[in-house]
Amino acid sequence: MRYWILLLLFAAVPGQGQSLQPAPWYVGAHIGFSQVDDEFGASDDGAVFRGNLGRQVTDALTLELEVGGGEVDFDQGPSLDQTHIALNLMIVNRSVTWNPYFLAGFGGFDHDVPQFADTGPMAQVGIGGMWDLNGFGLMLRADLRYRHSDLDLELVDRGQTVLTIGLEFPFGRN
């Protein structure tokens, strides 16, 4: 519930820029946290980070390559290190004040705890928004995702909810 409230608050903040057409390329850096199922025995939400390189294909369609990682601590036992790489497809509704979007992505996910590691496929879906900060394409971006990896590690065979916020830096010519 707290994720939806935070996302609605971000949606209510008006953007400052008037640019509807961002540069065709962008690079981004994001931080946030993931929440795993309570059955896992996690002692705290996990910290996550990700970077991305994106390309606007049409006004409403964007492709991006994402690389990220994070760590989840458990009440008993070692922490779980996670890394991933994904190719995301974003459907963006461009507007003057903000740019809401839907995201779907597929890739690979790696889980590593002492004496056990596994790599396998990952899928994610999410919603988010982008706000122009300076009229030249610098964007504040926040999103909420659900990601699922189908690995053999018993602790993480379900999904995670991930909330991130970051900046997108444009480059290239319109």
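Note that the coordinates shown come from a computational prediction; the quantities given were computed from them, not determined experimentally. (Residues numbered from 1 in each chain as written. Predicted model: local features only at pLDDT ≥ 70, side-chain atom pairs only at ≥ 80, totals over all residues. Heavy atoms only, no water.)

(A) Local environment of the side chain of His84. Looking at the element boundaries, His84 is found in strand E4 (residues 80–92). Classification of His84 by relative accessible area gives buried; the value is 6%. Only 2.6 Å separates the side chain of His84 from the side chain of Glu66, close enough to count as a polar contact. (Helix = DSSP H or I, 4+ residues; strand = E, 2+ residues; numbered from the N terminus. Buried < 20%, exposed > 50% of the residue type's maximum accessible area, 1.4 Å probe, protein only. Polar contact = N/O pair within 3.5 Å; in protein donor to acceptor, adjacent residues only side chain to side chain.)

(B) Spatial organisation of the side chain of Glu168. With respect to the helices and strands, Glu168 occurs in strand E8 (residues 159–171). A polar side-chain atom of Glu168 sits 2.7 Å from a polar atom in the side chain of His30. Not counting residues up to four positions away in its chain, the partners in contact with Glu168 are Tyr26, Val27, Gly28, His30, Asn52, Gly137, Leu138, Met139 and Arg141. (Contact = heavy atoms within 4.5 Å.)

(C) Looking closely at the environment of Phe49. Summarising the element assignment, Phe49 is placed in strand E2 (residues 46–56). Taking the C-alpha atoms as reference points, Phe49 and Ile165, separated by 116 residues in sequence, lie 9.4 Å from one another.

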